[in-house]
2 protein chains.
Amino acid sequence: MQLTTNQQRVLATLQQSSRPLSAYKILERLKSEGFKAPTQIYRALGCLAERGLVHRLESLNAYVRCAPPSTEQGVRAFAICDSCGHVDEFIVPSLNRYLGTWMKQNVFSLGSSTIELHGKCATCSKLDRTSDS
Amino acid sequence: MQLTTNQQRVLATLQQSSRPLSAYKILERLKSEGFKAPTQIYRALGCLAERGLVHRLESLNAYVRCAPPSTEQGVRAFAICDSCGHVDEFIVPSLNRYLGTWMKQNVFSLGSSTIELHGKCATCSKLDRTSDS
DNA sequence: CCCACAAATGTTACGTTATAACATGCCAAA
DNA sequence: TTTGGCATGTTATAACGTAACATTTGTGGG
Ligand SMILES: [Zn+2]
Ligand SMILES: [Zn+2]
Ligand SMILES: [Zn+2]
Ligand SMILES: [Zn+2]
């Protein structure tokens, strides 16, 4: 199925942003295009998330455009820079294996997983070091 | 430092619960003991979390009593049963090893991490199978 | 004992995030 | 053209979280 106009606009807004946006931030940016209520944003985000085009970052209550979905199999993870907001989405193949071991020992049938790493990206770490005394 | 009365009551409430509780759920249960406003709960939760006695589950906006802190070193993870709410806290010994490829290619100085797995616990999986047609 | 100070607690108000419920408009099949 | 679906719009409210300031409590020095 094609994306609706609203979904396209929400997706474009996320695409253009260098950092995750909360639903209300997206709303602000789309007020000028006629959006008025959070429902409209949440509805679009819901559909986009179902299709894997955006992800919700639980630890930020915010949303990001999916990085070009790789063909790799594994668990999705996000590395989030707390300084600049940059998010790096990647797949952890072997974590799957490790968690697999844990799940066998503990009988747990896995649905979805949330893996969000907070820290500093390379750029921000460098800035820190150069501004050190 | 000793826990204050409020902290003890919040901790006890979490301890007695078989599933994670939101701050407002805790408040409800403690209304009878004189608690009136969310601030009181959040303050207690803040202190308890600093000491590692409770954890916040980002994907649920809820809090759990820390499982007896093991001596193991590593990153904390949670397996959450979406049916019964049971939470199993465990340690991923060396996350770095599993993030291997990504870590090598990406400089990222890790601060805190959120790992929350959703699915079904052993008990609930069994129930499913016995109630199958 | 009494004051001064700090820490904990109480109270009110507000900000942010998310959903429920119902109304309206749009398009395509019968 | 009617009708049924689904996307959209609109209003209201629920759920989660914090800021700011008042009050109490407990402790050590005078
Ligand atoms: Zn993705
Ligand atoms: Zn950065
Ligand atoms: Zn713990
Ligand atoms: Zn269960």
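Residues numbered from 1 in each chain as written. Chains lettered and ligands numbered in written order. Predicted model: local features only at pLDDT ≥ 70, side-chain atom pairs only at ≥ 80, totals over all residues. Heavy atoms only, no water.

> Any chance you could explain the domain arrangement of chain A here in plain terms?
The figure often quoted for interface size is the accessible area lost as the parts come together. Residue and element names in this part refer to chain A. According to the domain assignment, chain A contains domain 1 (5-65) and domain 2 (76-132). A C-alpha centroid distance of 22 Å is found between domain 1 and domain 2. The interface of domain 1 with domain 2 comprises 11 residues on the first partner and 12 residues on the second. Taking both partners together, domain 1 and domain 2 bury about 760 Å²; carbon and sulfur atoms supply 56% of that area. Among the residues domain 1 hides against domain 2, the three largest losses belong to Arg19, His55 and Leu57. Together they make up 49% of the total. There are 0 salt bridges connecting domain 1 and domain 2. (Domains from an automatic or database assignment. Contact = heavy atoms within 4.5 Å. Buried area = accessible area lost by both parts, 1.4 Å probe. Salt bridge = Lys/Arg side-chain N within 4 Å of Asp/Glu carboxyl O.)

> How should I be thinking about the packing of aromatic side chains in this particular structure?
Pairs of aromatic rings are described using the distance from one ring centre to the other and the angle between the two planes. Residue and element names in this part refer to chain A. Evaluation of the coordinates by the stated rule reveals 2 aromatic pairs over all chains. Where Tyr24 meets Tyr42, the ring centres are 6.4 Å apart and the plane angle is 70 degrees; that geometry is what we call edge-to-face. Separated by 18 residues along the polypeptide, Tyr24 in helix H2 (residues 23-30) and Tyr42 in helix H3 (residues 38-50) bring together distant segments of the chain. Here Tyr24 falls in the partly exposed class, since its relative accessible area comes to 49%. (Phe/Tyr/Trp six-rings, centres within 6.5 Å; stacked < 30°, edge-to-face > 60°. Helix = DSSP H or I, 4+ residues; strand = E, 2+ residues; numbered from the N terminus. Buried < 20%, exposed > 50% of the residue type's maximum accessible area, 1.4 Å probe, protein only.)

> Sorry, what's going on with the protein's contact with DNA strand C here?
The immediate surroundings of DNA strand C are formed by 17 residues, with Tyr24, Thr39 and Arg56 of chain A together with Gln40 and Arg43 of chain B found nearest. Sugar plus phosphate, as a fraction of atoms of DNA strand C within 4 Å of the protein: 45%. Tyr42 of chain A places a side-chain nitrogen or oxygen 2.9 Å from a phosphate oxygen of DNA strand C. Here a phosphate oxygen of DNA strand C and a side-chain polar atom of Arg56 of chain A are 2.6 Å apart. (Near = heavy atom within 4 Å. Polar contact = N/O pair within 3.5 Å; in protein donor to acceptor, adjacent residues only side chain to side chain.)

> Before we go on, may I ask you to explain the side chain of Ser17 of chain B in this structure?
Examined against the element boundaries, Ser17 of chain B turns out to sit in the loop between helix H1 (5-16) and helix H2 (23-30). Separated by 2.5 Å, the side chain of Ser17 of chain B and the backbone oxygen of Arg19 of chain B make a polar contact.

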